[in-house]
Amino acid sequence: MPKVGMEPLRRKALIDATISAIGERGSLDVTMSEIAGRAGVSSALAHHYFGAKDELLLATMRHILAELTTDTRRALHSASLPRERVSAVVAVNFSDAQFQPEIIAAWLAFYVEAQKSAALRRLLKVYARRLHSNLMSGLTGILPRSEADRVAEATAALIDGLYIRRALKDGVPNAATAIALVEDYLETKLKARQ
């Protein structure tokens, strides 16, 4: 008889194991059996909870996006001025919870896989729209809408690009340097308006 209340814990363990396995391999070239072993459950149980590996990968991406959304909402709630809102969005994307080797590897792997998976492509589009909207929530208070739109797009590209560049390096990610690069760009664009 299954233990009551264990399903959410096991699902979370499988998602965490997926992130860990992708982080170690640097790709989605992991098996359900390997992920299940890392999570301390049987392969059959992993299939029971998620079906195919694609569903587990989708659930993993949803989990990463949900955590990013929660962190972003918290940061935006604390920011009162438009410029603070933009900086809060940038900082969240490079926070200790988000900008760590396993999460970075997962993002890169998901970007690659989204070229083949319509479901992952939809999730990445949701992420892109949210990032753009969150940046615009501050930028429209500083810049005309059309210019704010361009700056938001470029800022999002910098964030995504820094994740890709980070995935190609060894060692601990340097969030402070990444934030400084994005903030330098923003300051350049905002000073040009003054």
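Residues numbered from 1 in each chain as written. Predicted model: local features only at pLDDT ≥ 70, side-chain atom pairs only at ≥ 80, totals over all residues. Heavy atoms only, no water.

A. Structural detail: the nonpolar core. Formed by 63 residues in total, the largest nonpolar core has its most connected members in L14, F94, W107, F110 and L139. The greatest single-element share of this core, amounting to 10 residues, is contributed by helix α4 (residues 53–78). Leave out the neighbours within four places in its chain, and L139 touches V86, A148, V151, A152 and L186. (Core = buried A, V, L, I, M, F, W, Y, C linked by side-chain atoms within 4.5 Å. Buried < 20%, exposed > 50% of the residue type's maximum accessible area, 1.4 Å probe, protein only. Helix = DSSP H or I, 4+ residues; strand = E, 2+ residues; numbered from the N terminus. Contact = heavy atoms within 4.5 Å.)

B. Region of interest: the UniProt feature "DNA-binding region" (unreviewed entry) in the protein chain. Cross-referencing UniProt, the feature "DNA-binding region" (unreviewed entry) maps to residues 31–50 in the present numbering. Between the C-alpha atoms that bound residues 31–50 there is a distance of 13 Å. The span itself is 80% helix and 0% strand. (UniProt positions renumbered as here; feature names shortened; annotations may be inferred.)

C. Geometry of helix α6 (residues 101–113). Between its first and last C-alpha, α6 extends 18 Å over 13 residues, near the 18 Å set by a 1.5 Å rise per residue. Of all the residues in α6, the buried ones are I103, I104, A105, A106, W107, A109, F110 and E113. Looking at the buried positions of α6, the neighbouring elements they touch are α1 (6–25), α4, α7 (118–139) and α8 (145–167). (Expected span 1.5 Å × (residues − 1).)

D. Quick look at helix α9 (residues 175–193). For α9, which comprises 19 residues, the first-to-last C-alpha distance of 27 Å matches the rise-based estimate of 27 Å (1.5 Å per residue) to within 8%. For α9, every residue scored as buried is listed here: A175, A178, V182, E183, L186 and L190. Relative to the axis of α9, the buried residues are bounded by an arc of 120° and lie together on one face. Exposed side of α9, more than 90 degrees from the buried face: A176, D184, T188, K191 and A192 are the residues found there. For α9, the side-chain oxygen to backbone nitrogen distance between the N-cap and A176 is 3.2 Å, and the N-cap itself is N174. (Arc of directions from axis to C-beta. Polar contact = N/O pair within 3.5 Å; in protein donor to acceptor, adjacent residues only side chain to side chain.)

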